[in-house]
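A structural walkthrough
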Amino acid sequence: MPKRFLSLWFCHLTTDRMAIRQPELRGKPFVLAGNERGRAIVQASSREAFARGIRPGRAVADARAIFPDLLIFPDRPGWGKRLLCRLAEWCLRYTPVSAADPPSGLMLDISGCPHLWGGESAYMKDLVSALEGKGYRVRAAIADTIGAAWALARYGEQGSIAGVGGQQEALLPMPPAALRLESRTLEGLEKLGFRQIQQFIDLPAATLRRRFGEGLLLRLGQALGREEEAFQPVQPRVPYEEQLPCLEPIRTAKGIEIALQKLLDALCQRLSREGKGLRKAVFKGLRVDGKTVEITIGTGRASHNPAHLFRLFALKIPLLEPALGIELFSLEGLLVEKVQLPQEQLWHRSGDPAAVAELLDRIGAKLGSGRMHRFLPQERHWPEHSVRPSRSLDEKPDTDWPDSVRPLHLLPVPEPITVMVPLPDYPPVHFKHKGKLVRVARADGPERIEQEWWLQTGPPRDYYCVEDTEGGRYWLFRLGLYGKGEPQWFLHGYFS
Amino acid sequence: MKGNSDKMDRLRQLKQEIMALEGYLPQKGQQPDSRLQLGPLHAAFSGGAFPLAANHEFISHTPSEAASTQGFLAVLLGMLLQKGGFCLWLGVRPQVFPPALKRFGVAPERVVFVNVPREKDLLWSLEQALSCEALVAVVGEIRELGFSESQRLQLAVERSRVTGFVHRHQPRSLHALACATRWKVAPGPTPMSTCMPGLGFPVWRVGLIKVRNGRPGDWQLQWDGQGFQEVFREEKRQAITQNRRNYA
């Protein structure tokens, strides 16, 4: 299928936007000015100012001398580009692929879209009148290539459409500037008297390359469709996406649930055909007022079970604010992975990891992921570093769990204690923790635990397991050695 | 007279059925579970079987008692997880150091820890977990639990037949809950009879304060990695050895 492109040119993008925001400026001549080389230069002029001959690039002082009542506002650099991106997002209701085309245009890939509006001219008319209704003055054109559409929008008649394969004919009477050439090339063409494209389009390629460089040939080829041109859409296409447009704006939770159910069924059917499942998905609603609301879910393992995914989304539906109503729903799979096929388990009824994963997803969806931990051993010396969180339910430990005696309740931060020790390297006779004196009846140790030599920064720890007269068991350690400064003692855990 | 004894038989049968439904006895046609080997504790339960599809409440006051309770729980989990499966350990903050579970026969990677900062969310997650049939057991470290909340947990357990353990550390009030048992586990001193220096096997003073359809009791138990053994107090031990000598 041949590609079709629509180019939009906003003749006074930033000034139109200002007039929309501040209606009192409508119909008045005003300019946006910025500093260049120490002089105030007009960056953009409103329709009225433009009609009076104030073009961008003029010095503000000159303009003010001619029109003393000219209004001048400061220009914000980068504002125009941000505005274009927002407009490109707005255009997503006309085509899924739209891109900003700085400094003042949009480029839409409309292949396969116009028939929904009843033809290309009706499509363009609808788009242009919607934008003009907002208050922008735009020129639009449709052609087979990006280059031709760009040229027609700026140098052709308003609303011109080049038929399929008709771009060469349409380009012939245009000036060379319509090819998006560099100013140096344009000057060279001007010097040689090439005022229209038809004057040089048939010249041999070698001649053109010798005189004007590769740039001219590339641009000419792009406009005629001989060369490919890259296109960077404002929203990248998501490979796993379903959309559901609504006849009437949806405002109720029940309506949102029905839309979500439909989208999930469609997407999950496709995913299960391909043997894939969702790890992360976003459910978006495009509202009547142009804003987008969305909820995101993540799963612990890839899933294409619509009932399970629906339950995860259902916990968050109250967060969607429909305001005046949602026009378009979309469901995107941001992260899609291969599904591990469930194995038949013959001997135990319980322990199905998929069901456990679904439970954890539900808890994670409500409380936020990062609350569930499954631990695996890690080959590190210090007890607090000897475990690491695992990534999935199926991950197996890569080393054995250590056999050494460890307390069941390990304090997250060791708590300082004061001790009475009869001899160095002996366990304490009693210790005081939080103002409570504990007498030691029995003890084991010491067990010296150092940091790994490539990390070592401090003194080693000597651990003692001690039991008080009641039977309570504690894990104490001494940080440092007697004879080398004053060692400190800490309580690090409780044995059961 | 014959009609009367028939009635009594029928009543007993109905009682058994109700208890099976409530999770205190294995259901009809099912073999009694042989995973739990609790030694001297079995005598306390009706029918000699630890109620599996039920909630059990554990009370602790000091950090040492909390650690002992967790140790006792870990032993029960280790027996329940013998045939594979997963177990959930929910709490407000991380409590258990996973490598220590190995000593009690639990593969630490089979336990999933969930930390829920708010008690209200913790109750919700506990109910969700208890109604998930794929789990073997669920431990909830929750401080306050109301009666109606415990009833909800009991309903979830009756449907899914998961074993639930509720560990309440320093609870404000000890009112009745819809739980099958209430336990208090405290650490016990290493028995003096072992002439070895240092610390011995974990010793717990296990108190079964409440048990439905059973007999409460007190035991001093030692876990040696294989099973529970009763540790006798010194005077009792001496009396027993004295008796032996007299008979010899």
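Residues numbered from 1 in each chain as written. Chains lettered and ligands numbered in written order. Predicted model: local features only at pLDDT ≥ 70, side-chain atom pairs only at ≥ 80, totals over all residues. Heavy atoms only, no water.

1. Quick word on the sheet that holds strand β13 (residues 372–377) of chain A
Strand order in the open sheet formed by 11 strands is β14(A)-β13(A)-β3(B)-β2(B)-β4(B)-β5(B)-β1(B)-β6(B)-β7(B)-β8(B)-β9(B), with mixed pairing between adjacent strands. With partners counted over all chains shown, the strands left at the sheet margins are β14 (387–389) of chain A together with β9 (228–230) of chain B, one partner each. For this sheet, the mean angle separating the axes of adjacent strands, direction not counted, is 30°. Pairing of strand β1 (residues 55–60) of chain B with strand β6 (residues 181–187) of chain B involves four bridges; the strand directions are parallel. Following the sheet pairing, E57(B) is matched in β6(B) by R182(B). (Pairing = 2+ DSSP bridges. Helix = DSSP H or I, 4+ residues; strand = E, 2+ residues; numbered from the N terminus. Axes fitted to C-alpha atoms, helices over the stretch in contact; angles between N-to-C directions.)

2. Some points on the environment of S64(B)
Following the sequence through the fold, S64(B) ends up in helix α2 (residues 63–80). With 122 residues separating them along the chain, S64(B) and A186(B) place their C-alpha atoms 7.4 Å apart. Once residues lying within four places of it in the same chain are set aside, the contact partners of S64(B) are G472(A), Y474(A), Y494(A) and P187(B). (Contact = heavy atoms within 4.5 Å.)

3. What to know about the interface of chain A and chain B
Residue-level contacts link 50 residues of chain A with 56 residues of chain B. At the boundary of chain A and chain B, one finds one salt bridge. A salt bridge links D403(A) to K102(B); the shortest N-O distance between them is 2.8 Å. Those elements that place two or more of their residues in the side of chain A that touches chain B are α13 (353–367), β13, β15 (409–420), β17 (436–449), β18 (461–468), β19 (473–479) and β20 (488–495) of chain A. The biggest single contributor to the side of chain A that touches chain B is α13(A), with nine residues. For the side of chain A that touches chain B, a count of residues per class yields 27 nonpolar, 10 polar and 13 charged. (Salt bridge = Lys/Arg side-chain N within 4 Å of Asp/Glu carboxyl O. Nonpolar A, V, L, I, M, F, W, Y, C, P; charged D, E, K, R; others polar.)

4. Topic: the nonpolar core
Within the largest apolar cluster, 44 residues are counted, with the highest numbers of intra-cluster contacts made by F72(B) and F165(B). Counting residues per element, the ones that place at least two in this core are α2, β2 (86–91), β3 (111–115), β4 (135–141), β6, β7 (203–211) and β8 (217–223) of chain B. Per-element accounting of this core gives the leading share, eight residues, to α2(B). Setting aside residues up to four positions removed in sequence, F72(B) forms contacts with L41(B), F58(B), W183(B), V185(B), W204(B), V206(B) and F228(B). One finds V356(A), L90(B), L153(B) and V166(B) within the second-largest nonpolar core, a separate group that totals 32 residues. (Core = buried A, V, L, I, M, F, W, Y, C linked by side-chain atoms within 4.5 Å. Buried < 20%, exposed > 50% of the residue type's maximum accessible area, 1.4 Å probe, protein only.)

5. Describing the UniProt feature "domain: UmuC" (unreviewed entry) in chain A
Feature annotation in UniProt places "domain: UmuC" (unreviewed entry) on residues 21–74 of chain A, given in this structure's numbering. In the segment residues 21–74 of chain A, helix accounts for 24% and strand for 33%; the C-alpha atoms at its two ends are 15 Å apart. (UniProt positions renumbered as here; feature names shortened; annotations may be inferred.)

6. A few points about the sheet that holds strand β11 (residues 292–303) of chain A
Residues and elements named next belong to chain A. Pairing in this open sheet of four strands is antiparallel, and the strands run β9-β12-β10-β11 from one edge to the other. At either end of the open sheet lies a strand with only one pairing partner, and these are β9 (241–250) and β11. Taking each pair of neighbouring strands and ignoring which way they run, the sheet shows an average axis angle of 15°.

7. Some points on the packing of aromatic side chains
Geometry of an aromatic ring pair is reported as the spacing of the ring centres plus the angle between the planes. The tally for this structure, following the rule as stated, stands at 31 aromatic pairs over all chains. Measuring from ring centre to ring centre gives 5.6 Å for F194(A) and F200(A), while their planes differ by 65°; the resulting arrangement is edge-to-face. The two residues F194(A) and F200(A) agree in class, both being buried. Ring centres of W475(A) and F495(A) lie 6.3 Å apart, and the angle between their planes is 75°; on these two criteria the pair is classed as edge-to-face. With W475(A) in strand β19 and F495(A) in strand β20, this residue pair connects regions lying 20 residues apart in the sequence. Relative accessible area serves as the criterion here: at 0%, W475(A) is assigned to the buried category. Of the residues examined, F495(A) reaches a relative accessible area of 4% and is grouped as buried. The structure contains a cluster of three or more aromatic residues connected by ring pairs, namely F45(B), F50(B), F58(B), F72(B), F104(B), F165(B), W183(B), W204(B), W223(B) and F228(B). Sitting over the face of the ring of W79(A), R76(A) holds its NZ or CZ atom 4.5 Å from the ring centroid. (Phe/Tyr/Trp six-rings, centres within 6.5 Å; stacked < 30°, edge-to-face > 60°. Lys NZ or Arg CZ within 6 Å of the ring centre and 35° of its normal.)

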